[in-house]
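Chain residues, written in single-letter form:
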Amino acid sequence: QSALTQPPSVSGSPGQSVTISCTGTSSDVGSYHRVSWYQQPPGTAPKLMIYEVSNRPSGVPDRFSGSKSDNTASLTISGLQAEDEGDYYCSSHTSSSTVVFGGGTKLTVL
Amino acid sequence: QVQLQESGPGLVKPSETLSLTCTVSGGSIRSYYWTWMRQSPGKGLDWIGYFYYTGNTNYNPSLKRRVTISVDTFKNQFSLELRSVTAADTAVYYCARGSPGRSDAFDIWGQGTMVTVSS
């Protein structure tokens, strides 16, 4: 299974919005409504931010939103804050009932 | 509040077997998909596989020949065994829980444990 494709880095100023893309194939992102997003600050374990494309776990701010179109999923963070800095990973269920991750995107808040 | 804690050797010799345990506290290990993942230094996340409480397992195809994940319900622990390791298996290993009813979204993670493969 090949990793999902994410941009290596994105950046934005406080208060702005940023969007991180996650491109897969018809064997994963394109066929299932089962894309998740994780935030990983340096030196810590990942934290689930979005599941099933657009659902937020309890406690995740509504500034975080997810969507999907065809083989590409997206995470949008609005009202950017300094605490949002870190690495973000997408993942998807696959046709083999396994899970594949993206390569990760480093978010910098300017 | 459910918490996960990985434990095991931080150093494993090439060709030997990497064995890690994840202790689940604050909740039962019955139900849920219990999963292992890893992250090589400076790299992204890799899904290793899961054990579902019914006994079903599923593994990353690239690791399938070398991996076994098992559960000890009496000790409330689940374990990872990775055989014939090489330097490429050096990584931070995380245990995680699938969020209720899901095998592919992980809502609780351990802090991770670094394993180095070296002679």
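In this convention, every chain numbers its residues from 1, walking through the sequence in written order. All chains are assigned letters beginning with A, and all ligands numbers beginning with 1, in the order in which they are written. Side-chain atom pairs in this predicted model are given and counted only at pLDDT of 80 or more, local residue features only at pLDDT of at least 70, and totals for whole chains, interfaces and linings cover all residues. The side-chain figures draw on all heavy atoms in the structure; neither hydrogens nor water molecules are used.

1. Considerations on the packing of aromatic side chains
Moving on, step 1. In summary, the pairing rule links any two rings of Phe, Tyr or Trp, Trp by its six-membered ring, whose centres are within 6.5 Å, and it sorts them by plane angle into stacked for under 30 degrees, edge-to-face for over 60 and tilted for everything else. Applying the stated criterion to the full structure yields 12 aromatic pairs over all chains.
Moving on, step 2. Note on Tyr32 of chain B and Trp34 of chain B: the rings are 5.8 Å apart at their centroids and 70 degrees apart in plane angle, and the pair reads as edge-to-face.
Moving on, step 3. Members of the aromatic cluster, connected to one another through ring pairs, are Tyr38 and Phe101 of chain A together with Tyr94, Phe106 and Trp109 of chain B.
Moving on, step 4. Criterion for a charge above a ring: Arg CZ or Lys NZ at most 6 Å from the ring centre, at most 35 degrees from the ring normal. If you follow Arg97 of chain B out to its NZ or CZ, it ends over the ring of Tyr32 of chain B, 4.1 Å from the centre.

2. With respect to the state of the cysteines
Two cysteines whose sulfur atoms are joined by a covalent bond form what is called a disulfide.
Residue and element names in this part refer to chain A.
Moving on, step 1. Here, a disulfide means two cysteine sulfur atoms that sit within 2.5 Å of each other. Here the structure, examined in full by the defined rule, presents two disulfides over all chains.
Moving on, step 2. Between the sulfur of Cys22 and that of Cys90 lies a disulfide, 2.0 Å long from S to S. Handedness of the Cys22-Cys90 disulfide follows from its S-S torsion of about 80 degrees: it is right-handed. One end of the pair, Cys22, is in strand β2 (residues 18-23); the other, Cys90, is in strand β7 (residues 86-93), with 68 residues separating them in the sequence. Numbering goes from the N terminus for both helices and strands, where a helix is a DSSP run of H or I of at least four residues and a strand is a run of E of at least two.

3. A short note on the pairing of strand β4 (residues 47-50) of chain A
All names here are of chain A.
Moving on, step 1. Any two strands are treated as partners once DSSP identifies two or more bridges connecting them. One ladder, built from three bridges, connects strand β3 (residues 35-40) with β4; its direction is antiparallel. Paired with Gln39 across the two strands is Lys47, which belongs to β4.
Moving on, step 2. Counting the residues that bridge the hairpin from β3 to β4 gives six residues, and of these Gly43 lies at a positive phi of roughly 75 degrees.

4. Some remarks on the environment of Asp46 of chain B
Moving on, step 1. Tracing the backbone through its elements, the reader meets Asp46 of chain B in strand β5 (residues 45-52).
Moving on, step 2. Sequence separation between Asp46 of chain B and Ala96 of chain B is 50 residues; the distance between their C-alpha atoms is 12 Å.
Moving on, step 3. Once residues within four sequence positions are removed from consideration, Asp46 of chain B is found in contact with Phe101 of chain A together with Met37 and Arg38 of chain B. The contact criterion used throughout is that any non-hydrogen atoms of two residues lie within 4.5 Å.

5. Focus on the interface of chain B and chain A
Moving on, step 1. With 21 residues of chain B in contact, the opposing surface of chain A contributes 20 residues.
Moving on, step 2. Roughly 1,600 Å² is buried in total at the junction of chain B and chain A, and carbon and sulfur atoms are behind 57% of that figure.
Moving on, step 3. As used in this structure description, the phrase polar contact means that two N or O atoms lie within 3.5 Å; if the pair is within protein, one of them must be able to donate a hydrogen and the other to accept it, and residues adjacent in sequence are counted only when both atoms belong to side chains. In this assembly, chain B and chain A are joined by 11 residue pairs in polar contact (both at pLDDT 80 or more).
Moving on, step 4. Of all the elements in the fold, those that place two or more residues in the side of chain B that touches chain A are β4 (33-39), β5, β6 (57-59) and β10 (106-109) of chain B.
Moving on, step 5. Side-chain classes follow a simple rule in which Ala, Val, Leu, Ile, Met, Phe, Trp, Tyr, Cys and Pro form the nonpolar group, Asp, Glu, Lys and Arg form the charged group, and the remainder, Gly included, forms the polar group. Of the residues that constitute the side of chain B that touches chain A, the class distribution is 10 nonpolar, six polar and five charged. Defined in terms of a 1.4 Å probe, buried area is the accessible area two parts forfeit on being brought together, summed over both.

6. Some points on the sheet that holds strand β8 (residues 77-82) of chain B
Residues and elements named next belong to chain B.
Moving on, step 1. An order of β1-β3-β8-β7 is seen for the four strands of this open sheet, with the pairing classed as antiparallel. Every interior strand has two partners, whereas the edge strands, β1 (3-7) and β7 (67-72), have only one. Between one strand axis and the next, the sheet turns through 20 degrees on average, direction left out of account. Here the axes come from fitting lines to C-alpha atoms, over the contacting stretch only for helices, and the angles between their N-to-C directions go from 0 to 180 degrees.

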